Amino acid sequence: MTFAPIPFRTAALLGATLAPLLLTSPGRAMSLSEACGTFATKLASAQASGDTAKAQKIYIEGNKRIALNFNGATCPNVKAP
């Protein structure tokens, strides 16, 4: 079985998305500022890739997760794509 190589852009996007998850130790609570930073990074990566639909989805889902996990809080520094 052979695998097709992953395009560099896709690999970079995956790395940027997964890196915060791998660097956060299991069971460690994330602060609102850390969560907003991770959210901003994911959104910036999607925007840099030129995938507008993905950026919009990340923005919507990210806002929902932040509000749910931080008692209705928002990330004012993260702007809609």
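Residues numbered from 1 in each chain as written. Predicted model: local features only at pLDDT ≥ 70, side-chain atom pairs only at ≥ 80, totals over all residues. Heavy atoms only, no water.

**Points about the nonpolar core**
Formed by A35, C36, F39, L43, A46, A55, I58, I66, C75 and V78, the largest nonpolar core amounts to 10 residues. Broken down by secondary-structure element, the contributors of at least two residues to this core are α2 (32–49) and α3 (52–69). Among the elements that make up this core, the one with the highest residue count is α2 (5 residues). The residues touching I66, leaving out its near neighbours within four places in the chain, are L32, A35, C36, F39, A73, T74 and C75. (Core = buried A, V, L, I, M, F, W, Y, C linked by side-chain atoms within 4.5 Å. Buried < 20%, exposed > 50% of the residue type's maximum accessible area, 1.4 Å probe, protein only. Helix = DSSP H or I, 4+ residues; strand = E, 2+ residues; numbered from the N terminus. Contact = heavy atoms within 4.5 Å.)

**Quick word on α3**
In this model, α3 (18 residues) spans 25 Å end to end at C-alpha, consistent with the 26 Å of a helix rising 1.5 Å per residue. For α3, every residue scored as buried is listed here: A55, I58, G62 and I66. Buried residues of α3 fall within an arc of 60 degrees about the axis and therefore sit on the same side. Those residues of α3 that are exposed and aimed more than 90 degrees away from the buried face are A53, K57, K64 and L68. Contacts made by the buried residues of α3 are with α2. (Expected span 1.5 Å × (residues − 1). Arc of directions from axis to C-beta.)

**What about the environment of A55?**
With respect to the helices, strands and loops of the structure, A55 is situated in helix α3. For A55, a relative accessible area of 1% puts it in the buried group. The spatial distance from the C-alpha of A55 to the C-alpha of A44 is 7.9 Å, given a sequence separation of 11 residues. Excluding residues within four positions of it along the chain, A55 makes contact with L43, A46, Q47 and P81.

None of the figures reported here should be taken as evidence of function without further support.
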